Amino acid sequence: MSTKIRNLQKTLLSDNWYTLNKFSFEYQNHSGEWQQQHREAYDRGNGATILLYNKAKATVILTRQFRLPTYINGNSDGLLIETCAGLLEQDNAEDCIKREAEEETGYKIEQVQKLFEAYMSPGSVTEIIHFFAAEYSDQMQVSAGGGLAHEQENIEVLELNFAQAYSMIASGEIKDGKTIMLLQYAKINGLLGKDEAGHKVS
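Numbering of residues starts from 1 in each chain and follows the order in which that chain's sequence is written. The model is predicted, so local features are restricted to residues of pLDDT at least 70 and side-chain atom pairs to those at 80 or more, both for listing and for counting; the totals for chains, interfaces and linings are taken over all residues. The side-chain figures draw on all heavy atoms in the structure; neither hydrogens nor water molecules are used.

Visitor: Outline the overall build of the chain, listing residues and values.
Guide: Starting at the N terminus, helices and strands are each numbered in turn, a helix being any DSSP run of H or I of at least four residues and a strand any DSSP run of E of at least two. Regarding its fold elements, the chain presents four helices and ten strands. Listing each helix as α and each strand as β along the chain from the N terminus yields β-β-β-β-β-α-β-β-α-β-β-β-α-α. Considering only C-alpha atoms, the chain reaches an extent of 60 × 45 × 35 Å along its principal axes. Burial status follows relative accessibility: with a 1.4 Å probe on protein chains alone, a residue under 20% of its type maximum counts as buried, one over 50% as exposed, and anything between as partly exposed. For the chain, with 202 residues in total, the buried portion stands at 39%. The contact criterion used is simple: two residues touch if any of their non-hydrogen atoms lie within 4.5 Å. Taking the contacts inside the chain whose residues are at least 6 apart along the sequence as the reference set, 54% of them involve residues at least 24 apart. When the accessible area of the chain is evaluated, it comes to approximately 12000 Å², of which 48% is carbon and sulfur surface. Two residue types count as positive, namely Lys and Arg, and two as negative, namely Asp and Glu; His and chain ends fall outside the count. Charge positions are represented by NZ for Lys, CZ for Arg, CG for Asp and CD for Glu. Seen as two clouds, the 19 positive and the 28 negative side-chain charges of the chain have centres 7 Å apart. Accessibility throughout is a Shrake-Rupley quantity obtained with a 1.4 Å probe, and a residue counts as covered only by protein chains that appear here.

Quick look at the structure:
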């Protein structure tokens, strides 16, 4: 526990979906002075996301679905292109992302690679995202995907050339943070292999 925080108090503001709490505490600044501070934090649990890629075809699997918060903040149709993702709930991160990959994309993945973890919005949301990558093949497809009907998921599955997907960051067609991070990781680390000249696939 931090020695720079004392008298931490929590007040529940809402638990309609997940939980929104108000925290009051004293924080010791660089000069040693104790300052009273108030913050709100939204707790929806932790999550996982995965980039599915195919070296032979130089393709990736992404999804497109409606995201209300983007719609009310300037995204004209509310649709967002993303990597497959989901909340951990009672699962560990690896089990979660395998299940989500099958539900959302229709591909049954057995082997995944853990890449890193990241806080995605640390100013207001407690969530940590676990980032994964995995190779897929056509033989791994067991359904059309699309998500779960009882969760009102209407997910479109996209198989895109990696170069096309990567260019969509610059064009603004891909604005989702976790997706940008995974596509950039794939490019920097050459996940999709190298071309005949020995250059990383781009």
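Visitor: Would you mind going over the side chain of Gln37 in detail, with residue names and values included?
Guide: Within the fold, Gln37 resides in strand E3 (residues 34–43). Pairing of N or O atoms within 3.5 Å defines a polar contact, subject to two protein rules: one partner must be a possible hydrogen donor and the other a possible acceptor, and residues neighboring in sequence count only if both atoms are side-chain atoms. Engagement of the side chain of Gln37 in a polar contact is seen with the side chain of Arg39, the distance being 3.2 Å. Gln37 has contacts with Phe23, Ser24, Phe25 and Tyr27, leaving out every residue within four places of it along the chain.

Visitor: So what about the side chain of His130? Which residues, and what values?
Guide: Mapped onto the secondary structure, His130 falls in strand E9 (residues 128–135). Within the structure, His130 has its side chain in polar contact with the side chain of Lys114 (distance 3.1 Å). The contact partners of His130, leaving out residues within four places of it in the chain, are Gly47, Ala48, Thr49, Leu88, Ala93, Lys114, Phe116 and Glu117.

Visitor: Describe the pairing of strand E1 (residues 5–14), listing the residues and the values that go with them.
Guide: When E1 meets strand E2 (residues 19–28), the two strands line up antiparallel, connected through seven bridges. Across the sheet, residue Lys10 finds its bridge partner in E2, namely Phe23. Taking the residues between adjacent antiparallel strands as the criterion, E1 and E2 are bridged by four residues. Strand pairing is assigned whenever DSSP detects at least two bridges linking the two strands.

Visitor: Report on helix H2 (residues 93–105), specifying residues and quantitative values.
Guide: Here a helix's expected span is defined as the number of its residues, less one, multiplied by 1.5 Å. In a regular helix each residue adds 1.5 Å, so 13 residues correspond to 18 Å; H2 covers 17 Å between its end C-alpha atoms and thus fits that length. Turning to H2, its buried residues are Ala93, Cys96, Ile97, Lys98, Glu100, Ala101, Glu103, Glu104 and Thr105. Where H2 is buried, its residues contact strand E4 (47–54), strand E5 (59–66), strand E7 (84–87), E9 and strand E10 (156–161). The backbone nitrogen of Glu94 lies 3.2 Å from a side-chain oxygen of the residue at the head of H2, namely Asn92.

Visitor: Tell me about the packing of aromatic side chains, and name the residues and values.
Guide: Aromatic ring pairs: the centre-centre distance and the angle between the two ring planes describe each pair. Pairing of aromatic rings covers Phe, Tyr and Trp, the last counted by its six-membered ring, and requires centre-to-centre distances within 6.5 Å; plane angles under 30 degrees mean stacked, over 60 mean edge-to-face, and any other angle means tilted. Tallied over the entire structure, the rule returns six aromatic pairs. Aromatic side chains Tyr107 and Tyr136 sit 5.1 Å apart centroid to centroid with 65° between the ring planes, which places their arrangement in the edge-to-face category. Residue Tyr107 is found in the loop between H2 and strand E8 (113–119), and its partner Tyr136 is found in the loop between E9 and E10; the two are separated by 29 residues along the sequence. Considered together, Tyr107 and Tyr136 belong to a single accessibility category, that of buried residues. Ring centres 5.9 Å apart and planes at 35° place the aromatic pair Phe162 and Tyr166 in the tilted group. Of this pair, Phe162 and Tyr166 both sit in helix H3 (residues 162–171), four residues apart, which is roughly one turn of the helix.

Read these as geometric descriptors, not functional statements.
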